[in-house]
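# Overview (structure and organization)
As a plain string of letters, each chain reads:
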Amino acid sequence: MEQTPLTGRWRLIILSPEEEDEIAAQLAGPKWYQAVTEILSSDRPPDIIPTNDWRYQWVRATLRRLESAIPILQHEQELNTHWLDVSPDERPLPPPAEYPLRPRPRATDSMRKFSETLCGRTSTSSAHVISGPPYSLLIVDRPDASNAFSYGFGPDGACGVVIYSGFLDDILAKVPSQNTSYDTSSTRHLPEEASWWSHLFGSLFAISPMILPSHPIPTEEQTAELAILLAHEVAHLVLSHHLETLSSGTIVVPAIISMLADFARALLFPVTMLFGPFVNDAVGQLGKVGSGELSKLGEYCTSVSQEIEADVVSARLLAHAGFDARRAVTFWESRQDAPKYAECSTVAQPESPRTSWNLARQIMGTSHPVNEVRIEKLKSELVRWELEKRVSLRRRVEGEPERRPTGIWGMF
């Protein structure tokens with residue numbers, strides 16, 4: 001059991017340090033691109049946008065801008081006065097988190113530290129490294145898919161973001177690009193002037209013609225929308241959600257299902273003795289069907305928690321990277337009615353209808369769509385920023401010590 005950085009949510013990751021290091025080693029460097037390409041090649045080989053494409057350079061520059069905010073998450077307590085000095089007309093900054101971004105401690109280190117403390121000795125710590133930047137990036141040329149997902153864990157490029165070109169097309173189509181506003185009237189006589197100066201002084205004072213870009217120049221608004229989606233995926237990576245998904249999907253849920261199945265077989269053993277193997281086979285088949293639904297239920301619960309958590313942490317990333325975190329609400333509201341490819345998650349979305357997910361929501365009693373829940377949680381987080389700021393400013397005026405900030409996940 002450990003508390004997630006920045007939110008304080010309790011989670012269970014049953015993976016040994018050796019297993020986590022092995023996962024990171026298997027994805028380090030170019031291996032991440034190979035693993036992601038294999039995932040994307042389930043239907044057909046993906047068309048990858050090259051690194052010299054202007055779209056790739058635009059996304060990479062925005063991603064690197066968000067990455068520059070990650071070190072700030074480790075030292076938010078030192079910014080305790082700066083976030084209070086922001087005027088109402090400026091972009092809001094979040095209050096320092098109660099659980100700053102720190103390397104995740106190893107369970108073996110906790111046991112060793114406890115044992116060494118009992119013996120009166122001190123022990124060194126070998127905590128996990130933060131899955132920090134620079135992150136790997138892959139852009140798939142697929143205009144019909146407006147989606148993105150993050151994948152991987154570990155340093156040295158072992159984790160990164162995959163984004164589809166359909167999303168870039170969507171945000172570029174909302175606002176006219178800047179290259180449409182170029183006025184070429186001022187350059188109408190450039191060739192004539194250039195020839196006149198060249199005739200008198202040669203090439204020394206030659207005037208080169210103005211070269212207009214051959215591709216759209218994204219506006220700041222378009223870059224902000226791209227940053228909102230990227231910040232959501234970066235939050236998944238910072239919080240090591242991929243490890244949590246692996247742990248719950250491959251260890252925790254199957255172990256619980258196995259124990260429940262064994263318990264059911266033990267209870268029905270007298271019945272199977274009387275009616276022979278037919279009942280036993282029926283129970284086994286029913287257990288397989290039930291285990292599949294329980295697996296979907298566990299995956300659904302984990303996914304919803306991670307999506308909400310990523311939205312909350314992405315607001316911090318946006319604010320520290322110089323973007324207005326309040327625009328994230330408008331962005332996600334505009335994508336509530338988007339197709340299934342618009343969903344963001346830590347894995348690629350399947351092509352088949354998600355009937356199992358609907359069944360899981362019915363079992364959990366969820367009456368509101370997941371997107372609406374996410375938007376409400378994001379709004380609540382932004383409201384909490386403002387309330388925390390007002391309380392801290394009042395305490396500053398009254399000369400009282402500032403209260404320790406409340407954990408984000410405690411509100412949810």
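Report on the accompanying structure. Each residue is numbered by its place in its chain's sequence as written, counting from 1. Totals for whole chains, interfaces and linings use all residues, but because this is a predicted model, local features are given only for residues with pLDDT of at least 70 and pairs of side-chain atoms are given and counted only at 80 or more. No hydrogens and no water enter the side-chain calculation; it runs on all heavy atoms of the structure.

Okay, the packing of aromatic side chains next. Classification of ring pairs rests on two measures: the distance between centres of Phe, Tyr or Trp rings, Trp counted by its six-membered ring, which must be within 6.5 Å, and the angle between planes, read as stacked under 30 degrees, edge-to-face over 60 and tilted in between. Tallying each qualifying case throughout the model produces four aromatic pairs. Where W54 meets W58, the ring centres are 6.3 Å apart and the plane angle is 20 degrees; that geometry is what we call stacked. Here W54 and its partner W58 are both found in helix α3 (residues 54-67), four residues apart, which amounts to about one turn of the helix. Relative to W332, the ring of F331 has its centre 4.9 Å away and its plane inclined at 75 degrees; by these criteria the two rings are edge-to-face. Accessibility expressed as a relative area gives 10% for W332, which makes it buried. Cluster of aromatic residues (ring-pair linked, three or more members): F167, F331 and W332. For the purposes of this entry, the term helix denotes a DSSP run of H or I that reaches at least four residues, the term strand denotes a run of E that reaches at least two, and both are numbered from the N terminus. Each residue gets one of three labels from its accessible area relative to the maximum for its type: buried under 20%, exposed over 50%, partly exposed in between, using a 1.4 Å probe on protein chains only.

Attention shifts here to a negative patch on the surface. Candidate patch residues must exceed 30% relative accessible area and have no salt bridge, after which like charges are joined if within 9 Å and Val, Leu, Ile, Met, Phe, Trp or Tyr side chains if within 5 Å. With residues, only the protein chains shown are counted as cover, and all accessible areas are computed by Shrake-Rupley using a 1.4 Å probe. Just to be clear on terms, a salt bridge is a Lys or Arg side-chain nitrogen sitting within 4 Å of an Asp or Glu carboxyl oxygen. For the charge count, each Lys or Arg is scored as positive and each Asp or Glu as negative, with His and the chain ends excluded. Where a charge lies is defined by one atom per residue type: Lys uses NZ, Arg uses CZ, Asp uses CG and Glu uses CD. A surface patch of like charges, here negative, comprises D47, D141, D169 and D170. Of note, D47 is situated in the loop between α2 (31-40) and α3.

In this section: the environment of E78. You can see E78 is positioned in the loop between α4 (70-73) and α5 (107-118). Separated by 18 residues in sequence, E78 and P96 place their C-alpha atoms 8.3 Å apart.

Right, let's get into a nonpolar patch on the surface. On the surface, M1, W10, L12 and I14 cluster together into a nonpolar patch covering about 440 Å² of accessible area. Its place among the elements puts M1 in the segment before β1 (2-3). Relative accessible area serves as the criterion here: at 64%, M1 is assigned to the exposed category.

Residues are said to line a cavity or pocket when one of their atoms sits within 4 Å of a point; the points come from a 1 Å grid over protein atoms alone, cavities being sets where a 1.4 Å probe fits but cannot get out and pockets being open sets with protein on both sides within 12 Å along at least five of seven lines. Grid points are joined across faces, edges and corners, and a volume is the space filled by probe spheres set on the points. The full count for this structure, using the stated rule, is two cavities of 30 Å³ or more. Roughly 30 Å³ of volume is contained in the second largest cavity. In terms of lining residues, the second largest cavity is bounded by I228, D311, S314, A315, A328, W332 and L378. Elements supplying a minimum of two residues to the lining of the second largest cavity: α11 (277-320) and α12 (327-334). Sort the elements by how many residues they give to the lining of the second largest cavity and α11 lands first, with three residues. Taken together, the residues of the lining of the second largest cavity break down into five nonpolar, one polar and one charged. Following the grouping adopted for this structure description, the nonpolar residues are Ala, Val, Leu, Ile, Met, Phe, Trp, Tyr, Cys and Pro, the charged ones are Asp, Glu, Lys and Arg, and the polar ones are all others, Gly among them.

Turning next to the packing of α12 against helix α14 (residues 370-398). Across the interface, α12 lies against α14 with an axial gap of 10 Å and an inter-helix angle of 170 degrees. Considered as vectors, α12 and α14 are oriented roughly antiparallel to each other. Along its contact with α12, which presents A328, V329, W332 and E333, the element α14 presents R374, I375, L378, K379 and L382. For the contact of α12 with α14, the class distribution of residues is six nonpolar, no polar and three charged. Here an angle of 0 to 180 degrees is reported between the N-to-C directions of two axes, which are lines fitted to C-alpha atoms, with helices fitted over the stretch in contact. Just so you know how the angles are binned, under 35 degrees is roughly parallel, over 145 roughly antiparallel, 65 to 115 roughly perpendicular, and the rest oblique. The contact rule is simple, with two residues in contact once any of their heavy atoms fall within 4.5 Å.

A few words on the nonpolar core. Across soluble globular proteins, nonpolar side chains have a tendency to be buried as a group. By size, the foremost hydrophobic cluster in this structure holds 57 residues, and its most contacted members are I163, L226 and L318. Sorting elements by how many residues they give to this core places helix α8 (residues 220-238) first, with 11 residues. The contact partners of L318, leaving out residues within four places of it in the chain, are L66, A227, I228, A231, F323, A325 and A328. Of all hydrophobic cores here, the second largest spans 19 residues; its members include A35, Y151, A158 and L243. Take the buried Ala, Val, Leu, Ile, Met, Phe, Trp, Tyr and Cys residues and link them wherever side-chain atoms come within 4.5 Å; each set so joined is a nonpolar core.

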